[in-house]
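# Chain and residue survey
Residue-level listing of the chains:
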Amino acid sequence: MLLASAVVVWEWLNEHGRWRPYSPAVSHQIEAAIRSSDPRGGSVVLGQVDNRLSPYIIDLQSMHQFRQDTGTIRPVRRSFYDPASAPGQGWQWEWENDAGSWTPYDMEVAIAIENGHNRQQNCLDLTPLGFCYLIDYQNMTQVNRQSQRYRRIQRRADVPYPLVSGPLPLPKGVGAGPCSCQQCMLVLSVKANTGGAGGAAAIQTLGRRSLTIQRAKNLAPVAIRPLMVMKPQRTMSSAATVCHAPLPQRSSLAGLSRPALVPTVPVKNLNGSSPVHPALAGITGILMSAAALPVCLTRPPKLVLHPPPVSKSDIKPVPGFNHCCRKTTKKQTRKGKTPEEVVKKYLQKVKSPPEEDCTICMEPLGGASGYKGPGVTPVSRAESVGRLAQCGHQYHFQCLVAMYNNGNKDGSLQCPTCKTIYGVKTGNQPAGKMEYHVIPHSLPGHPDCKTIRIIYNIPPGIQGPEHPNPGKPFTARGFPRHCYLPDSEKGRKVLRLLLVAWDRRLIFSVGTSSTTGESDTVIWNEVHHKTEFGSNLTGHGFPDPGHLDNVLEELRAQGITEEDAQTEK
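The sections below set out a description of the structure shown in this document. Keep in mind that this is a model prediction, so the values were computed, not measured.

The next subject is the packing of aromatic side chains. Per the stated rule, a full pass over the model turns up nine aromatic pairs. Look at Trp-93 and Tyr-137: their rings are 6.1 Å apart centre to centre, the planes differ by 85°, and that puts the pair in the edge-to-face class. In this pair, Trp-93 is assigned in strand β7 (residues 91-96) and Tyr-137 in the loop between β10 (133-136) and β11 (141-144), connecting sequence segments 44 residues apart. Judged by its relative accessible area of 9%, Tyr-137 is buried. Between Tyr-456 and Trp-524, the ring centres sit 6.1 Å apart and the planes meet at 80°, which makes this aromatic pair edge-to-face. Residue Tyr-456 is found in strand β25 (residues 451-457), and its partner Trp-524 is found in strand β30 (residues 521-524); the two are separated by 68 residues along the sequence. The class for Tyr-456 is buried, based on a relative accessible area of 0%. Judged by its relative accessible area of 31%, Trp-524 falls in the partly exposed class. Following the ring pairs from residue to residue traces out a cluster consisting of Tyr-456, Phe-479, Trp-502, Phe-508 and Trp-524. Over the ring of Trp-91 we find Arg-155, and its NZ or CZ is 3.5 Å from the ring centre. Here Arg-496 stacks its cationic end above the ring of Phe-321, 4.1 Å away from the centre of that ring.

In this structure, Met-434, Ile-454, Tyr-456, Leu-495 and Leu-498 are the most contacted members of the largest nonpolar core, which totals 34 residues. At the level of secondary structure, the elements contributing two or more residues to this core comprise β24 (432-439), β25, β28 (481-486), α9 (489-503), β29 (508-511) and α10 (547-557). Within the second largest apolar cluster, 19 residues are counted, among which are Val-343, Leu-365, Phe-397 and Tyr-422.

Turning our eyes to something else, we now look at the packing of α9 against α10. Here α9 crosses α10 at 25°, and the two axes come no closer than 10 Å. With respect to each other, α9 and α10 are oriented roughly parallel. Both α9 and α10 take part in a crossing whose hand is left-handed. Between α9 and α10, the contacting residues are Lys-490, Gly-491, Lys-493, Val-494, Leu-497, Leu-498 and Ala-501 on the first element and Leu-548, Asp-549, Val-551, Leu-552 and Leu-555 on the second. The residue inventory of the contact of α9 with α10, partitioned by class, reads eight nonpolar, one polar and three charged.

Side chains on a regular strand alternate between the two faces of the sheet. When you tally the buried positions in β25, you get six out of seven residues, the bulk of the element. Of the pairings in the sheet, the one linking β24 to β25 comprises seven bridges and is antiparallel in character. Bridge pairing in β25 places Lys-433 opposite Asn-457.

Reading the values: the criteria
- Residues numbered from 1 in each chain as written.
- Predicted model: local features only at pLDDT ≥ 70, side-chain atom pairs only at ≥ 80, totals over all residues.
- Heavy atoms only, no water.
- Phe/Tyr/Trp six-rings, centres within 6.5 Å; stacked < 30°, edge-to-face > 60°.
- Helix = DSSP H or I, 4+ residues; strand = E, 2+ residues; numbered from the N terminus.
- Buried < 20%, exposed > 50% of the residue type's maximum accessible area, 1.4 Å probe, protein only.
- Lys NZ or Arg CZ within 6 Å of the ring centre and 35° of its normal.
- Core = buried A, V, L, I, M, F, W, Y, C linked by side-chain atoms within 4.5 Å.
- Axes fitted to C-alpha atoms, helices over the stretch in contact; angles between N-to-C directions.
- Parallel < 35°, antiparallel > 145°, perpendicular 65-115°, else oblique.
- Left-handed = near helix turned anticlockwise from the far one by under 90°.
- Contact = heavy atoms within 4.5 Å.
- Nonpolar A, V, L, I, M, F, W, Y, C, P; charged D, E, K, R; others polar.
- Pairing = 2+ DSSP bridges.

Right under this line is the structure:
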(Lines give C-alpha, C1' and ligand atoms only; values in the text may rest on other atoms or scores of the structure.)
Protein backbone atom coordinates (compact mmCIF):
# COMPACT_ATOMS: atom_id res chain seq x y z
CA MET A 1 0.00 0.00 0.00
CA LEU A 2 1.02 3.63 -0.58
CA LEU A 3 0.02 6.67 1.46
CA ALA A 4 -0.84 9.88 -0.38
CA SER A 5 -1.71 13.45 0.60
CA ALA A 6 -4.28 14.89 -1.80
CA VAL A 7 -7.29 17.18 -2.00
CA VAL A 8 -10.67 15.53 -2.42
CA VAL A 9 -13.27 16.79 -4.88
CA TRP A 10 -16.67 15.11 -4.88
CA GLU A 11 -18.33 15.05 -8.31
CA TRP A 12 -21.63 13.91 -9.85
CA LEU A 13 -22.30 12.53 -13.33
CA ASN A 14 -24.66 14.62 -15.47
CA GLU A 15 -26.82 13.43 -18.36
CA HIS A 16 -24.05 14.23 -20.87
CA GLY A 17 -21.53 11.90 -19.25
CA ARG A 18 -19.47 14.70 -17.67
CA TRP A 19 -18.39 14.73 -14.03
CA ARG A 20 -19.44 18.02 -12.44
CA PRO A 21 -17.80 19.16 -9.18
CA TYR A 22 -19.67 19.90 -6.00
CA SER A 23 -18.59 23.09 -4.25
CA PRO A 24 -15.77 23.03 -1.66
CA ALA A 25 -18.31 23.47 1.13
CA VAL A 26 -20.30 20.41 0.01
CA SER A 27 -17.14 18.35 -0.38
CA HIS A 28 -16.11 19.31 3.17
CA GLN A 29 -19.54 18.25 4.40
CA ILE A 30 -19.30 14.83 2.74
CA GLU A 31 -15.76 14.28 4.04
CA ALA A 32 -16.91 15.19 7.54
CA ALA A 33 -19.60 12.52 7.28
CA ILE A 34 -16.98 9.98 6.21
CA ARG A 35 -14.66 10.85 9.11
CA SER A 36 -17.48 10.66 11.62
CA SER A 37 -17.91 7.47 13.57
CA ASP A 38 -21.63 8.27 13.86
CA PRO A 39 -23.70 5.60 12.06
CA ARG A 40 -25.72 8.39 10.43
CA GLY A 41 -22.70 9.13 8.26
CA GLY A 42 -24.06 6.63 5.72
CA SER A 43 -26.09 9.35 4.00
CA VAL A 44 -25.51 13.08 3.55
CA VAL A 45 -28.21 15.76 3.22
CA LEU A 46 -26.71 18.38 0.88
CA GLY A 47 -29.25 21.07 1.75
CA GLN A 48 -27.63 21.50 5.16
CA VAL A 49 -24.77 23.36 3.46
CA ASP A 50 -26.34 24.73 0.26
CA ASN A 51 -30.04 25.62 0.18
CA ARG A 52 -30.09 25.18 -3.59
CA LEU A 53 -29.32 21.48 -3.07
CA SER A 54 -32.08 20.89 -0.53
CA PRO A 55 -33.79 18.14 -2.63
CA TYR A 56 -30.60 16.04 -2.76
CA ILE A 57 -29.03 13.40 -0.55
CA ILE A 58 -25.94 11.26 -1.17
CA ASP A 59 -25.94 7.61 -0.17
CA LEU A 60 -22.31 6.72 0.56
CA GLN A 61 -22.88 2.98 0.41
CA SER A 62 -24.19 2.95 -3.16
CA MET A 63 -22.23 6.11 -4.16
CA HIS A 64 -25.31 7.75 -5.70
CA GLN A 65 -26.99 11.14 -5.43
CA PHE A 66 -30.75 10.93 -4.98
CA ARG A 67 -33.26 13.71 -5.65
CA GLN A 68 -36.14 13.22 -3.27
CA ASP A 69 -38.85 15.09 -5.20
CA THR A 70 -38.36 13.33 -8.55
CA GLY A 71 -36.63 10.07 -7.63
CA THR A 72 -33.73 10.80 -10.02
CA ILE A 73 -30.51 8.96 -9.13
CA ARG A 74 -27.05 9.89 -10.40
CA PRO A 75 -23.63 8.34 -9.69
CA VAL A 76 -21.13 10.29 -7.58
CA ARG A 77 -17.41 9.80 -7.18
CA ARG A 78 -14.59 10.88 -4.88
CA SER A 79 -11.63 12.25 -6.89
CA PHE A 80 -8.14 13.04 -5.60
CA TYR A 81 -6.06 15.93 -6.98
CA ASP A 82 -2.64 17.43 -6.36
CA PRO A 83 -2.70 19.76 -3.31
CA ALA A 84 -0.85 22.35 -5.44
CA SER A 85 -3.57 22.40 -8.10
CA ALA A 86 -6.49 24.85 -8.30
CA PRO A 87 -8.86 22.97 -5.95
CA GLY A 88 -6.10 22.58 -3.37
CA GLN A 89 -5.24 26.29 -3.47
CA GLY A 90 -8.86 27.50 -3.37
CA TRP A 91 -9.13 28.89 -6.92
CA GLN A 92 -12.38 28.51 -8.85
CA TRP A 93 -12.63 29.15 -12.61
CA GLU A 94 -16.13 29.94 -13.90
CA TRP A 95 -17.85 31.08 -17.11
CA GLU A 96 -20.84 33.41 -17.42
CA ASN A 97 -23.98 31.74 -18.71
CA ASP A 98 -26.87 33.36 -20.59
CA ALA A 99 -28.73 34.08 -17.35
CA GLY A 100 -25.82 36.22 -16.15
CA SER A 101 -24.79 33.81 -13.38
CA TRP A 102 -21.48 31.96 -13.12
CA THR A 103 -21.02 28.25 -13.90
CA PRO A 104 -17.90 26.36 -12.69
CA TYR A 105 -15.76 24.54 -15.22
CA ASP A 106 -15.24 20.79 -14.97
CA MET A 107 -12.44 20.26 -12.46
CA GLU A 108 -9.84 19.01 -14.93
CA VAL A 109 -10.55 21.98 -17.21
CA ALA A 110 -10.32 24.41 -14.29
CA ILE A 111 -6.97 22.94 -13.26
CA ALA A 112 -5.62 23.27 -16.80
CA ILE A 113 -6.79 26.90 -16.96
CA GLU A 114 -5.16 27.65 -13.60
CA ASN A 115 -1.89 26.09 -14.77
CA GLY A 116 -1.91 28.30 -17.88
CA HIS A 117 -2.63 31.33 -15.70
CA ASN A 118 0.31 30.51 -13.43
CA ARG A 119 2.62 30.22 -16.45
CA GLN A 120 1.41 33.70 -17.54
CA GLN A 121 0.21 32.42 -20.92
CA ASN A 122 -1.76 34.76 -23.16
CA CYS A 123 -4.24 32.05 -24.13
CA LEU A 124 -5.01 28.35 -23.69
CA ASP A 125 -6.54 25.99 -26.25
CA LEU A 126 -9.01 23.56 -24.61
CA THR A 127 -9.28 21.33 -27.69
CA PRO A 128 -7.04 18.60 -26.18
CA LEU A 129 -9.54 18.36 -23.33
CA GLY A 130 -12.44 17.86 -25.74
CA PHE A 131 -13.82 21.43 -25.85
CA CYS A 132 -13.66 23.75 -28.88
CA TYR A 133 -12.87 26.82 -26.77
CA LEU A 134 -9.95 29.19 -26.44
CA ILE A 135 -9.25 30.86 -23.09
CA ASP A 136 -8.06 34.47 -23.49
CA TYR A 137 -6.33 35.42 -20.23
CA GLN A 138 -5.74 39.04 -21.19
CA ASN A 139 -9.44 39.78 -21.80
CA MET A 140 -10.68 37.06 -19.40
CA THR A 141 -12.97 35.58 -22.03
CA GLN A 142 -13.80 32.17 -23.44
CA VAL A 143 -14.00 32.07 -27.25
CA ASN A 144 -15.97 29.41 -29.12
CA ARG A 145 -13.65 28.45 -31.98
CA GLN A 146 -16.59 27.51 -34.24
CA SER A 147 -19.11 30.30 -33.64
CA GLN A 148 -16.57 32.91 -32.41
CA ARG A 149 -18.92 33.72 -29.56
CA TYR A 150 -17.31 35.29 -26.50
CA ARG A 151 -18.22 34.65 -22.87
CA ARG A 152 -16.74 36.25 -19.80
CA ILE A 153 -14.77 34.08 -17.39
CA GLN A 154 -13.58 34.75 -13.85
CA ARG A 155 -11.01 33.45 -11.37
CA ARG A 156 -12.54 33.45 -7.92
CA ALA A 157 -11.00 32.69 -4.54
CA ASP A 158 -12.89 30.14 -2.46
CA VAL A 159 -12.28 27.74 0.39
CA PRO A 160 -9.78 25.02 -0.65
CA TYR A 161 -11.18 21.54 -1.09
CA PRO A 162 -10.52 19.17 1.85
CA LEU A 163 -7.02 17.76 2.24
CA VAL A 164 -6.82 14.08 3.18
CA SER A 165 -4.26 11.31 3.51
CA GLY A 166 -5.16 7.78 2.61
CA PRO A 167 -3.93 4.51 1.14
CA LEU A 168 -3.31 3.97 -2.54
CA PRO A 169 -3.63 0.25 -3.34
CA LEU A 170 -0.87 -1.64 -5.10
CA PRO A 171 -2.54 -3.15 -8.18
CA LYS A 172 -2.44 -6.79 -9.00
CA GLY A 173 0.46 -7.73 -11.18
CA VAL A 174 2.96 -5.16 -9.88
CA GLY A 175 6.18 -7.05 -9.51
CA ALA A 176 5.08 -9.66 -12.00
CA GLY A 177 5.98 -7.49 -14.95
CA PRO A 178 5.21 -4.03 -16.42
CA CYS A 179 1.58 -3.05 -16.99
CA SER A 180 0.25 -0.30 -19.25
CA CYS A 181 -2.71 0.72 -17.07
CA GLN A 182 -2.62 4.17 -15.50
CA GLN A 183 -2.69 2.76 -11.97
CA CYS A 184 0.43 0.68 -12.58
CA MET A 185 2.16 3.62 -14.28
CA LEU A 186 1.62 5.68 -11.11
CA VAL A 187 2.85 2.96 -8.76
CA LEU A 188 5.85 2.14 -10.95
CA SER A 189 6.84 5.80 -11.07
CA VAL A 190 6.74 5.89 -7.28
CA LYS A 191 8.86 2.73 -7.09
CA ALA A 192 11.37 4.31 -9.47
CA ASN A 193 11.66 7.46 -7.34
CA THR A 194 12.00 5.56 -4.09
CA GLY A 195 14.48 3.08 -5.50
CA GLY A 196 12.49 0.29 -3.90
CA ALA A 197 13.23 1.52 -0.38
CA GLY A 198 10.96 3.00 2.27
CA GLY A 199 10.67 6.72 2.88
CA ALA A 200 9.24 9.76 1.14
CA ALA A 201 9.02 10.04 -2.62
CA ALA A 202 7.17 12.15 -5.12
CA ILE A 203 5.24 11.82 -8.32
CA GLN A 204 6.61 14.64 -10.42
CA THR A 205 3.98 16.63 -12.27
CA LEU A 206 4.24 19.81 -14.30
CA GLY A 207 2.28 21.74 -11.69
CA ARG A 208 3.79 23.97 -9.05
CA ARG A 209 4.31 21.17 -6.57
CA SER A 210 4.39 17.39 -6.47
CA LEU A 211 1.93 15.03 -4.90
CA THR A 212 3.68 13.65 -1.84
CA ILE A 213 3.72 9.86 -1.65
CA GLN A 214 5.32 7.58 0.93
CA ARG A 215 5.30 3.84 1.29
CA ALA A 216 3.16 2.56 4.11
CA LYS A 217 4.60 -0.08 6.39
CA ASN A 218 2.75 -3.00 7.91
CA LEU A 219 -0.67 -1.91 6.64
CA ALA A 220 -3.48 -4.41 6.78
CA PRO A 221 -5.28 -5.18 3.50
CA VAL A 222 -8.35 -3.06 2.82
CA ALA A 223 -11.32 -3.99 0.64
CA ILE A 224 -11.42 -1.29 -2.02
CA ARG A 225 -12.66 -0.41 -5.47
CA PRO A 226 -10.17 -0.20 -8.35
CA LEU A 227 -8.03 2.93 -8.42
CA MET A 228 -7.94 5.03 -11.60
CA VAL A 229 -5.34 7.67 -12.42
CA MET A 230 -6.00 10.00 -15.32
CA LYS A 231 -3.23 10.43 -17.85
CA PRO A 232 -2.00 14.05 -18.29
CA GLN A 233 -2.53 15.75 -21.62
CA ARG A 234 0.63 15.91 -23.70
CA THR A 235 -0.11 19.33 -25.12
CA MET A 236 -0.19 21.15 -21.79
CA SER A 237 0.95 20.77 -18.25
CA SER A 238 -0.63 18.03 -16.23
CA ALA A 239 -3.89 19.21 -14.81
CA ALA A 240 -3.04 17.26 -11.67
CA THR A 241 -2.64 13.66 -10.69
CA VAL A 242 -6.17 12.53 -10.11
CA CYS A 243 -7.53 9.26 -8.85
CA HIS A 244 -10.89 7.97 -7.78
CA ALA A 245 -9.82 6.20 -4.66
CA PRO A 246 -11.69 4.21 -2.02
CA LEU A 247 -12.97 5.72 1.16
CA PRO A 248 -10.53 5.57 4.11
CA GLN A 249 -10.41 2.39 6.16
CA ARG A 250 -11.52 4.24 9.30
CA SER A 251 -14.88 5.02 7.75
CA SER A 252 -15.55 1.61 6.27
CA LEU A 253 -19.07 1.88 4.96
CA ALA A 254 -19.92 -1.50 6.37
CA GLY A 255 -19.44 0.09 9.76
CA LEU A 256 -21.06 3.39 8.87
CA SER A 257 -24.19 2.00 7.33
CA ARG A 258 -24.67 -1.16 9.34
CA PRO A 259 -24.10 -0.56 13.08
CA ALA A 260 -24.37 -3.59 15.30
CA LEU A 261 -27.38 -2.40 17.30
CA VAL A 262 -29.42 -0.63 14.58
CA PRO A 263 -30.38 -2.75 11.57
CA THR A 264 -30.35 -1.16 8.13
CA VAL A 265 -33.80 -0.44 6.70
CA PRO A 266 -33.58 -0.33 2.89
CA VAL A 267 -35.59 2.34 1.10
CA LYS A 268 -36.79 0.59 -2.01
CA ASN A 269 -39.29 1.39 -4.79
CA LEU A 270 -37.04 4.14 -6.18
CA ASN A 271 -37.81 2.99 -9.69
CA GLY A 272 -41.49 3.66 -9.19
CA SER A 273 -42.48 0.01 -9.73
CA SER A 274 -44.80 -0.02 -6.72
CA PRO A 275 -47.52 2.29 -5.33
CA VAL A 276 -44.78 4.09 -3.38
CA HIS A 277 -43.83 7.20 -5.41
CA PRO A 278 -40.06 7.79 -5.84
CA ALA A 279 -40.31 11.17 -4.12
CA LEU A 280 -42.03 9.54 -1.13
CA ALA A 281 -39.22 7.00 -0.95
CA GLY A 282 -36.71 9.85 -0.91
CA ILE A 283 -38.52 11.75 1.82
CA THR A 284 -38.66 8.53 3.84
CA GLY A 285 -34.92 8.23 3.45
CA ILE A 286 -34.39 11.80 4.68
CA LEU A 287 -36.56 11.25 7.77
CA MET A 288 -34.87 7.95 8.57
CA SER A 289 -31.44 9.53 8.26
CA ALA A 290 -32.45 12.41 10.56
CA ALA A 291 -33.72 9.87 13.10
CA ALA A 292 -30.34 8.09 13.12
CA LEU A 293 -31.71 5.16 11.10
CA PRO A 294 -29.22 4.17 8.39
CA VAL A 295 -30.53 4.31 4.85
CA CYS A 296 -29.55 1.90 2.09
CA LEU A 297 -30.77 3.17 -1.27
CA THR A 298 -31.32 0.47 -3.84
CA ARG A 299 -29.40 0.65 -7.09
CA PRO A 300 -31.25 2.43 -9.92
CA PRO A 301 -32.88 0.38 -12.65
CA LYS A 302 -31.52 0.39 -16.16
CA LEU A 303 -32.31 3.40 -18.34
CA VAL A 304 -34.90 2.46 -21.00
CA LEU A 305 -35.27 5.29 -23.50
CA HIS A 306 -37.00 3.41 -26.32
CA PRO A 307 -39.62 0.65 -26.58
CA PRO A 308 -38.84 -2.81 -27.96
CA PRO A 309 -38.61 -3.00 -31.75
CA VAL A 310 -41.97 -2.58 -33.48
CA SER A 311 -42.76 -3.93 -36.94
CA LYS A 312 -44.38 -1.64 -39.46
CA SER A 313 -47.56 -3.71 -39.43
CA ASP A 314 -47.93 -3.20 -35.67
CA ILE A 315 -47.92 0.61 -35.95
CA LYS A 316 -51.52 1.85 -35.99
CA PRO A 317 -53.21 5.27 -36.35
CA VAL A 318 -54.31 6.99 -33.17
CA PRO A 319 -58.03 6.28 -32.65
CA GLY A 320 -60.17 9.27 -33.59
CA PHE A 321 -57.48 10.88 -35.77
CA ASN A 322 -57.72 10.92 -39.56
CA HIS A 323 -54.04 11.71 -40.06
CA CYS A 324 -50.66 10.71 -38.66
CA CYS A 325 -48.36 13.55 -39.69
CA ARG A 326 -48.28 17.33 -39.43
CA LYS A 327 -45.80 19.71 -41.07
CA THR A 328 -45.05 23.36 -40.42
CA THR A 329 -43.52 25.83 -42.81
CA LYS A 330 -41.84 29.16 -42.36
CA LYS A 331 -43.76 31.93 -40.65
CA GLN A 332 -46.26 33.76 -42.82
CA THR A 333 -46.18 37.51 -42.41
CA ARG A 334 -49.40 39.00 -41.07
CA LYS A 335 -50.42 42.12 -42.98
CA GLY A 336 -52.95 44.88 -42.62
CA LYS A 337 -52.53 45.88 -38.95
CA THR A 338 -49.94 48.14 -37.39
CA PRO A 339 -48.69 47.47 -33.81
CA GLU A 340 -50.80 50.40 -32.59
CA GLU A 341 -53.93 48.92 -34.19
CA VAL A 342 -53.28 45.51 -32.63
CA VAL A 343 -52.81 46.93 -29.14
CA LYS A 344 -55.86 49.20 -29.35
CA LYS A 345 -58.02 46.21 -30.24
CA TYR A 346 -57.50 44.73 -26.76
CA LEU A 347 -57.61 47.97 -24.73
CA GLN A 348 -60.28 50.03 -23.05
CA LYS A 349 -59.77 53.75 -22.52
CA VAL A 350 -58.94 55.00 -19.01
CA LYS A 351 -60.11 58.54 -18.26
CA SER A 352 -58.47 58.86 -14.84
CA PRO A 353 -55.38 56.66 -14.40
CA PRO A 354 -54.93 55.32 -10.85
CA GLU A 355 -52.05 56.47 -8.65
CA GLU A 356 -49.88 53.47 -9.33
CA ASP A 357 -46.92 52.58 -11.53
CA CYS A 358 -46.96 50.99 -14.95
CA THR A 359 -45.37 47.58 -14.32
CA ILE A 360 -43.62 47.69 -17.71
CA CYS A 361 -41.68 50.96 -17.39
CA MET A 362 -42.13 51.41 -13.60
CA GLU A 363 -43.19 55.04 -14.11
CA PRO A 364 -46.47 56.49 -12.71
CA LEU A 365 -49.48 55.85 -14.94
CA GLY A 366 -50.47 59.51 -14.53
CA GLY A 367 -47.26 60.61 -16.24
CA ALA A 368 -45.56 59.90 -19.53
CA SER A 369 -44.35 56.45 -20.54
CA GLY A 370 -40.78 55.66 -19.53
CA TYR A 371 -40.14 54.06 -22.91
CA LYS A 372 -37.88 56.24 -25.06
CA GLY A 373 -37.03 53.83 -27.86
CA PRO A 374 -37.91 53.90 -31.56
CA GLY A 375 -41.07 52.53 -33.17
CA VAL A 376 -43.65 54.20 -30.94
CA THR A 377 -45.55 57.26 -32.17
CA PRO A 378 -46.76 60.01 -29.82
CA VAL A 379 -50.29 59.68 -28.45
CA SER A 380 -52.73 62.10 -26.87
CA ARG A 381 -53.12 62.21 -23.10
CA ALA A 382 -56.57 60.64 -23.40
CA GLU A 383 -55.02 57.56 -25.03
CA SER A 384 -51.84 57.43 -22.96
CA VAL A 385 -53.16 54.71 -20.59
CA GLY A 386 -55.28 51.68 -21.43
CA ARG A 387 -56.96 48.82 -19.56
CA LEU A 388 -56.76 45.28 -20.94
CA ALA A 389 -60.34 44.17 -21.50
CA GLN A 390 -60.32 40.71 -19.88
CA CYS A 391 -57.96 40.97 -16.91
CA GLY A 392 -58.29 44.71 -16.19
CA HIS A 393 -54.59 45.48 -15.75
CA GLN A 394 -53.56 48.99 -16.84
CA TYR A 395 -50.43 50.12 -18.69
CA HIS A 396 -49.05 52.98 -20.72
CA PHE A 397 -50.21 52.55 -24.30
CA GLN A 398 -46.68 53.23 -25.60
CA CYS A 399 -45.24 50.56 -23.27
CA LEU A 400 -47.64 47.94 -24.63
CA VAL A 401 -46.76 48.89 -28.22
CA ALA A 402 -43.04 48.59 -27.41
CA MET A 403 -43.63 45.19 -25.78
CA TYR A 404 -45.56 44.02 -28.84
CA ASN A 405 -42.77 45.17 -31.19
CA ASN A 406 -40.24 43.13 -29.18
CA GLY A 407 -42.28 39.92 -29.61
CA ASN A 408 -43.37 37.86 -32.58
CA LYS A 409 -45.76 40.58 -33.80
CA ASP A 410 -48.31 37.89 -34.61
CA GLY A 411 -51.45 39.85 -33.72
CA SER A 412 -51.61 38.55 -30.14
CA LEU A 413 -50.82 40.28 -26.85
CA GLN A 414 -50.03 38.78 -23.44
CA CYS A 415 -50.57 40.64 -20.18
CA PRO A 416 -47.16 40.92 -18.49
CA THR A 417 -48.77 40.71 -15.04
CA CYS A 418 -51.21 37.80 -15.14
CA LYS A 419 -50.17 36.24 -18.50
CA THR A 420 -53.69 36.41 -19.95
CA ILE A 421 -53.42 35.99 -23.74
CA TYR A 422 -55.38 38.21 -26.13
CA GLY A 423 -55.76 36.86 -29.64
CA VAL A 424 -53.95 33.71 -30.85
CA LYS A 425 -50.40 33.36 -29.58
CA THR A 426 -47.81 31.89 -31.96
CA GLY A 427 -44.12 31.15 -31.51
CA ASN A 428 -40.93 31.00 -33.57
CA GLN A 429 -40.62 27.21 -33.95
CA PRO A 430 -38.62 26.38 -37.11
CA ALA A 431 -40.12 24.37 -39.95
CA GLY A 432 -40.35 20.64 -39.34
CA LYS A 433 -42.52 17.53 -39.10
CA MET A 434 -44.55 15.91 -36.30
CA GLU A 435 -45.54 12.24 -36.64
CA TYR A 436 -47.75 10.29 -34.23
CA HIS A 437 -49.07 6.73 -34.07
CA VAL A 438 -49.88 3.91 -31.64
CA ILE A 439 -47.40 1.15 -30.77
CA PRO A 440 -48.41 -2.12 -29.04
CA HIS A 441 -46.53 -1.54 -25.78
CA SER A 442 -47.64 -0.09 -22.44
CA LEU A 443 -45.96 2.65 -20.45
CA PRO A 444 -45.07 2.10 -16.77
CA GLY A 445 -48.09 3.15 -14.74
CA HIS A 446 -50.46 2.64 -17.72
CA PRO A 447 -50.73 -1.17 -18.06
CA ASP A 448 -54.26 -1.10 -19.49
CA CYS A 449 -53.55 0.86 -22.67
CA LYS A 450 -51.09 1.02 -25.53
CA THR A 451 -48.73 3.93 -26.21
CA ILE A 452 -48.88 6.97 -28.46
CA ARG A 453 -45.45 7.68 -29.89
CA ILE A 454 -44.73 11.20 -31.17
CA ILE A 455 -41.71 11.81 -33.40
CA TYR A 456 -40.54 15.39 -33.87
CA ASN A 457 -38.06 16.14 -36.62
CA ILE A 458 -36.63 19.63 -37.22
CA PRO A 459 -33.58 20.12 -39.46
CA PRO A 460 -30.95 22.85 -38.89
CA GLY A 461 -31.38 26.03 -40.87
CA ILE A 462 -31.10 29.81 -40.97
CA GLN A 463 -32.82 32.01 -38.40
CA GLY A 464 -35.66 34.20 -39.62
CA PRO A 465 -36.69 37.70 -38.52
CA GLU A 466 -38.65 36.27 -35.56
CA HIS A 467 -35.54 34.53 -34.14
CA PRO A 468 -32.84 35.93 -31.80
CA ASN A 469 -30.17 36.34 -34.52
CA PRO A 470 -31.78 36.71 -37.97
CA GLY A 471 -29.65 35.43 -40.84
CA LYS A 472 -27.45 33.33 -38.55
CA PRO A 473 -27.49 29.48 -38.73
CA PHE A 474 -29.17 27.48 -35.97
CA THR A 475 -28.46 23.89 -34.95
CA ALA A 476 -30.99 21.14 -34.21
CA ARG A 477 -29.48 18.61 -31.81
CA GLY A 478 -31.04 15.28 -30.89
CA PHE A 479 -33.59 15.05 -33.71
CA PRO A 480 -35.66 13.06 -34.38
CA ARG A 481 -36.95 13.26 -30.81
CA HIS A 482 -39.26 10.45 -29.63
CA CYS A 483 -41.92 11.26 -27.01
CA TYR A 484 -44.61 9.14 -25.41
CA LEU A 485 -48.20 9.43 -24.15
CA PRO A 486 -50.59 6.75 -22.91
CA ASP A 487 -53.21 5.84 -25.53
CA SER A 488 -56.04 6.75 -23.18
CA GLU A 489 -58.85 9.26 -23.48
CA LYS A 490 -56.85 11.93 -21.66
CA GLY A 491 -53.67 11.02 -23.59
CA ARG A 492 -55.49 11.56 -26.89
CA LYS A 493 -56.85 14.89 -25.62
CA VAL A 494 -53.29 15.99 -24.83
CA LEU A 495 -52.21 14.90 -28.32
CA ARG A 496 -54.94 17.04 -29.93
CA LEU A 497 -53.77 20.08 -28.00
CA LEU A 498 -50.13 19.34 -28.83
CA LEU A 499 -51.14 19.40 -32.51
CA VAL A 500 -52.62 22.86 -31.97
CA ALA A 501 -49.41 23.94 -30.26
CA TRP A 502 -47.37 22.51 -33.15
CA ASP A 503 -49.45 24.43 -35.71
CA ARG A 504 -48.96 27.60 -33.67
CA ARG A 505 -45.19 26.91 -33.51
CA LEU A 506 -45.14 26.69 -29.71
CA ILE A 507 -43.54 23.26 -29.06
CA PHE A 508 -39.97 24.35 -29.84
CA SER A 509 -38.10 27.62 -30.06
CA VAL A 510 -34.65 28.87 -31.04
CA GLY A 511 -32.46 30.00 -28.17
CA THR A 512 -29.81 28.83 -25.71
CA SER A 513 -29.89 25.29 -24.32
CA SER A 514 -30.17 25.20 -20.52
CA THR A 515 -28.39 21.82 -20.40
CA THR A 516 -25.45 22.33 -22.77
CA GLY A 517 -25.17 26.14 -22.88
CA GLU A 518 -25.18 26.08 -26.69
CA SER A 519 -26.74 29.16 -28.25
CA ASP A 520 -28.65 29.45 -31.53
CA THR A 521 -30.09 25.96 -31.26
CA VAL A 522 -33.57 24.39 -31.19
CA ILE A 523 -34.85 24.04 -27.62
CA TRP A 524 -38.05 22.93 -25.89
CA ASN A 525 -40.55 25.74 -25.29
CA GLU A 526 -42.06 25.22 -21.81
CA VAL A 527 -44.33 22.28 -22.72
CA HIS A 528 -42.88 19.19 -21.08
CA HIS A 529 -42.66 15.89 -22.94
CA LYS A 530 -41.78 12.39 -21.77
CA THR A 531 -38.78 11.12 -23.73
CA GLU A 532 -37.99 8.07 -21.58
CA PHE A 533 -40.16 5.05 -22.44
CA GLY A 534 -39.58 2.32 -19.88
CA SER A 535 -38.02 4.04 -16.85
CA ASN A 536 -37.91 7.38 -15.07
CA LEU A 537 -34.25 7.85 -14.18
CA THR A 538 -33.96 11.28 -15.81
CA GLY A 539 -37.31 12.59 -14.57
CA HIS A 540 -38.61 12.52 -18.17
CA GLY A 541 -40.29 9.11 -18.02
CA PHE A 542 -43.07 7.10 -16.46
CA PRO A 543 -44.78 6.50 -14.12
CA ASP A 544 -45.80 10.10 -13.45
CA PRO A 545 -49.45 10.31 -12.38
CA GLY A 546 -49.64 14.10 -12.75
CA HIS A 547 -47.94 14.41 -16.12
CA LEU A 548 -51.01 14.75 -18.35
CA ASP A 549 -52.63 17.34 -16.08
CA ASN A 550 -49.34 19.28 -15.95
CA VAL A 551 -49.11 19.33 -19.75
CA LEU A 552 -52.70 20.56 -20.02
CA GLU A 553 -51.84 23.37 -17.61
CA GLU A 554 -48.70 24.28 -19.56
CA LEU A 555 -50.66 24.37 -22.80
CA ARG A 556 -53.30 26.54 -21.15
CA ALA A 557 -50.51 28.98 -20.24
CA GLN A 558 -49.71 29.15 -23.96
CA GLY A 559 -53.32 30.05 -24.74
CA ILE A 560 -54.36 26.53 -25.82
CA THR A 561 -57.47 25.20 -24.05
CA GLU A 562 -59.77 22.20 -24.35
CA GLU A 563 -62.02 24.29 -26.62
CA ASP A 564 -59.21 24.21 -29.18
CA ALA A 565 -59.25 20.41 -28.99
CA GLN A 566 -62.86 20.41 -30.21
CA THR A 567 -61.84 22.15 -33.42
CA GLU A 568 -58.84 19.89 -34.01
CA LYS A 569 -59.85 17.15 -36.45
